[in-house]
Amino acid sequence: MHKKNIFRYGFLLEQLVKRNFNTKYRQSVLGILWSFLNPLLTMAVQYLVFSALFRSDISHFPVYLLTGIILFSFMNECVTLGMDAIVASGPLIKKVAMPMAVYPLSRCITALIGLGLSLIPLGGAMLLSGTPLTPALLLIPAAALLTFCFALGMSLLMCTLNVFFRDTRFLWSVASLLWTYATPIFYPITIIPAAWQPVFRLNPMYQLITFMRTIVLEGLCPSAGQWGMCLLAAALPLALGVFVFRKTQDRFVFHL
Amino acid sequence: MEKAMVEVQHVTMDFRRDCNRTTHLKEFAVNLLTGRHHIEKFRALDDVTLTVPQGCVMGLIGPNGAGKSTLLKVISGIYRPSGGQALVHGSLVPMLELGSGFDADLTGRENILLNGAILGYSKAFLLPKVEQIIDYSELRDFIDMPLKTYSSGMLARLAFSIASVVEPDVLIVDEILSVGDEHFQRKSRARMLELMKGSSRAVIFVSHNLQQLREMCDRVIWLDHGRIRMQGAAGEVCDAYEREAAAT
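Each value, and the rule that gives it
Residues numbered from 1 in each chain as written. Chains lettered and ligands numbered in written order. Predicted model: local features only at pLDDT ≥ 70, side-chain atom pairs only at ≥ 80, totals over all residues. Heavy atoms only, no water. Helix = DSSP H or I, 4+ residues; strand = E, 2+ residues; numbered from the N terminus. Buried < 20%, exposed > 50% of the residue type's maximum accessible area, 1.4 Å probe, protein only. Areas by Shrake-Rupley, 256 points an atom, 1.4 Å probe, with all protein chains shown as cover. Lys, Arg positive; Asp, Glu negative; His and termini not counted. Charge placed at Lys NZ, Arg CZ, Asp CG, Glu CD. Contact = heavy atoms within 4.5 Å. Salt bridge = Lys/Arg side-chain N within 4 Å of Asp/Glu carboxyl O. Axes fitted to C-alpha atoms, helices over the stretch in contact; angles between N-to-C directions. Parallel < 35°, antiparallel > 145°, perpendicular 65-115°, else oblique. Left-handed = near helix turned anticlockwise from the far one by under 90°. Nonpolar A, V, L, I, M, F, W, Y, C, P; charged D, E, K, R; others polar. pLDDT = per-residue confidence, 0-100. Phe/Tyr/Trp six-rings, centres within 6.5 Å; stacked < 30°, edge-to-face > 60°. Lys NZ or Arg CZ within 6 Å of the ring centre and 35° of its normal. Expected span 1.5 Å × (residues − 1). Polar contact = N/O pair within 3.5 Å; in protein donor to acceptor, adjacent residues only side chain to side chain. Buried area = accessible area lost by both parts, 1.4 Å probe. Patch = residues over 30% accessible without salt bridge, like charges linked within 9 Å, V, L, I, M, F, W, Y side chains within 5 Å. Domains from an automatic or database assignment. Pairing = 2+ DSSP bridges.

Draft legend 1. View of the overall build of chain A. Scanning chain A from N- to C-terminus turns up eleven helices and zero strands. Secondary structure elements of chain A occur, N-terminal to C-terminal, as α-α-α-α-α-α-α-α-α-α-α. Its C-alpha atoms give chain A principal-axis dimensions of about 60 × 45 × 35 Å. For chain A, with 256 residues in total, the buried portion stands at 52%. With the model as given, the accessible surface of chain A reaches about 11,500 Å², and the carbon-plus-sulfur share is 72%. Once the 18 positive and 7 negative side-chain charges of chain A are each reduced to a mean point, those two points are 10 Å apart.

Right under this line is the structure:
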């Protein structure tokens, strides 16, 4: 199909991201402030609920919580928004030829900008809780990029599935809830029985969040093993997502 | 020999007419288990071959359901044909559905950029043309207001102004568009005719108006049940089409 090369559509991508961003914030009084408030409020609630349980184990618990919340909700937003991207753009897809990937990609980029904004309250929480600021923090973009690749891959997969089966979103809402609890966001992995820990470590989000925590909380560059796991967690789902999406995109238009 | 701008080579287009249209995983699983999932095919285009050379206005006629819209969608790249291929040499603007992708919450000015990007314009092309588009649409007083405050006539004017600013190599026209009030209708019709008459351009023009086809087109293709029934000089094909319409 002609006009399918996504790299020629940078301008379209820019416009779509701008549009997503505008519509996300235009209707609300606080606007962009929600990007700061959302993770902070979630963190406050979880802190109130869980600090009694785990405070003793984890130093800088608010920052520990916030890193997990920010990364997980970024991934969740990418998938939830990206999943609906093709179906929601159905009327347009039936009229104008465009590389299909611009729709989920533009939504994931919008979420990535949101992630960038939520680093500001993270910085605030670090200062308030006395977490030392170290040169390791310069590696945060790497953590963000790796998570982005993973989330984009998931987004492309779920988006494809959603075109063919519209009940995917209901499955996802259940799956993402389960996933939230299966990921050590508000608890340390040490509370999991030792026999089960290897299984929990296979969770890509656990690997990515731990990568981020090593940078933010310990002020260290993640180990080679961590880098390897995270590169794998980013590359494999992305490759699979791109493959499935490209394989099926010509048929999307018949299911919209 | 003139340069061919659009080449459609043995294009066949099959649609699946799913008897049990499965759009839910649950149904899919049930159908799979009970073996009830069967697919019926519907052939919308059958071995269609045509060429539109530079400077040619090619008319397309045929009854409803003959495959005209499907053919246009194959040429503009929305459908990938089941067989054969459609090649377009140069830039293509489909004047099919004006205002596709307008966002009601954005202002007119923001929508010019968004809609232009959707039509495939580059940033370098579009940015210097924004003022020209606003002037042409005669909507300067409203351009920084959200699109949801526009009347349908104003929307159509803005959409037409964006789509017609470009000078494409290949133009696909589904009925000659004249939009807005009487004054703007005359203006948009004139611009449309100007675009269609450009000698470096290839135009594919769909209409049920035989009078218009005779006036505008060099050649006409008659499509019937997904096949090319006849193609040739505009007058000739229109005569034959008219005779058949009278006979039935």
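Draft legend 2. Molecular detail of the overall build of chain B. Scanning chain B from N- to C-terminus turns up nine helices and nine strands. Summarising its shape, the C-alpha atoms of chain B cover approximately 60 × 55 × 35 Å along the three principal directions. Going through the 248 residues of chain B one by one, you find that 49% of them count as buried. Partitioning the intrachain contacts of chain B with sequence separation of at least 6 by distance along the chain shows that 69% fall at a separation of at least 24. The average position of the 28 basic charges and that of the 31 acidic charges among the side chains of chain B differ by 4 Å.

Draft legend 3. Region of the structure containing the pattern of salt bridges. Residues and elements named next belong to chain B. Overall, the coordinates contain 22 salt bridges over all chains when judged by the stated rule. When the shortest N-O distance is used, the salt bridge between K187 and E138 registers 2.6 Å. Here K187 is found in helix α7 (residues 182-197), whereas its partner E138 is found in the loop between α5 (130-137) and α6 (152-163), with 49 residues between them in sequence. The partly exposed category is assigned to K187, whose relative accessible area is 23%. In this structure, the salt-bridge partner of E167 is R201, at a minimum N-O distance of 2.9 Å. Of the two residues, E167 sits in the loop between α6 and β6 (170-174) while R201 sits in the loop between α7 and β7 (202-206), which places them 34 residues apart along the sequence. According to the relative accessible area criterion, E167 is partly exposed, its value standing at 48%.

Draft legend 4. Region of interest: the packing of helix α3 (residues 61-83) of chain A against helix α7 (residues 140-164) of chain A. Residues and elements named next belong to chain A. Interaxial distance between α3 and α7 falls to 8 Å at its minimum, and their mutual angle equals 30 degrees. One finds that α3 runs roughly parallel with respect to α7. The handedness of the crossing between α3 and α7 comes out as right-handed. Here L71, F74, M75, C78, V79, G82 and M83 of α3 come into contact with α7, specifically with A144, T147, F148, F150, A151, M154, S155, M158, C159 and N162. A class-by-class count of the residues in the contact of α3 with α7 yields 13 nonpolar, four polar and no charged.

Draft legend 5. Here's a closer look at the confidence of the model for chain B. With 94% of its residues at a pLDDT of at least 70, chain B reaches an overall mean of 87. For chain B, strand β5 (residues 92-95) of chain B is the element with the lowest average pLDDT, namely 74, and α5 of chain B is the one with the highest, namely 95.

Draft legend 6. How the structure looks around the packing of aromatic side chains. If you walk through the whole model with that rule in mind, you get 17 aromatic pairs over all chains. Measuring from centroid to centroid gives 6.1 Å for Y181 of chain A and F186 of chain A, while their planes differ by 75 degrees, and the two rings are edge-to-face. Where W222 of chain B meets Y241 of chain B, the ring centres are 5.1 Å apart and the plane angle is 90 degrees; that geometry is what we call edge-to-face. Linking W222 of chain B in strand β8 (residues 219-224) with Y241 of chain B in helix α9 (residues 234-247), this pair joins segments that are 19 residues apart in sequence. The residues W222 of chain B and Y241 of chain B share a single accessibility class, namely buried. When the ring centre of F184 of chain B is taken as origin, the NZ or CZ atom of R157 of chain B, which lies over that ring, is 5.4 Å away.

Draft legend 7. Region of interest: helix α10 (residues 204-216) of chain A. Residues and elements named next belong to chain A. With 13 residues, α10 should cover 18 Å at 1.5 Å per step; its first-to-last C-alpha distance of 18 Å lies within 8% of that length. Among the 13 residues that make up α10, eleven are buried, leaving the element largely enclosed by the rest of the structure. Listed as buried for α10 are M205, Y206, Q207, L208, I209, F211, M212, R213, T214, I215 and V216. Its buried side turned inward, α10 meets α3, α6 (102-129), α7, α8 (168-182), α9 (197-201) and α11 (224-252). Where α10 begins, the capping side chain belongs to N203, and its oxygen is found 2.9 Å from the backbone nitrogen of M205.

Draft legend 8. Up close: the interface of chain A and chain B. Residue-level contacts link 30 residues of chain A with 39 residues of chain B. In total, chain A and chain B occlude about 3,100 Å² of area from one another, counting both sides; carbon and sulfur atoms represent 61% of this. With a closest N to O distance of 2.4 Å, R80 of chain B and D250 of chain A form a salt bridge. Across the chain A-chain B interface, the total number found is four residue pairs in polar contact (both at pLDDT 80 or more). For the side of chain A that touches chain B, the elements supplying multiple residues, two or more each, are α1 (10-26) and α5 (90-93) of chain A. Its residues placed into classes, the side of chain A that touches chain B shows 15 nonpolar, six polar and nine charged.

Draft legend 9. Looking closely at a nonpolar patch on the surface. Residues and elements named next belong to chain A. A surface patch of nonpolar side chains, amounting to about 340 Å² of accessible area, comprises L30, L33, W34 and L41. Turning to its location among the elements, L41 is positioned in helix α2 (residues 34-54). With a relative accessible area of 46%, L41 lands in the partly exposed category.

Draft legend 10. Structural view of the domain arrangement of chain B. With domains assigned, chain B is organised as domain 1 (4-13 + 44-91 + 205-247) and domain 2 (107-167). Relative placement of domain 1 of chain B and domain 2 of chain B: their C-alpha centres are 30 Å apart.

Draft legend 11. Representation of the side chain of T214 of chain A. All names here are of chain A. Relative to the helices and strands, T214 resides in helix α10. Looking at T214, its side chain comes within polar contact range of the side chain of Q226, at 3.0 Å. For T214, the contacting residues outside a window of four places in its chain are G219, L220, C221, P222 and Q226.

Draft legend 12. Highlighting the pairing of β8 of chain B. Residues and elements named next belong to chain B. Of all the six residues making up β8, five are buried; the element is thus mostly covered by neighbouring parts of the structure. One ladder, built from four bridges, connects strand β3 (residues 57-61) with β8; its direction is parallel. Considered in β8, the bridge of L60 is made with I221. Pairing between β8 and strand β9 (residues 227-233): six bridges, direction antiparallel. When the bridges of β9 are listed, I221 appears paired with Q231. Following β8, the chain reverses through two residues before pairing antiparallel with β9; H225 in that reversal takes a positive phi of roughly 50 degrees.

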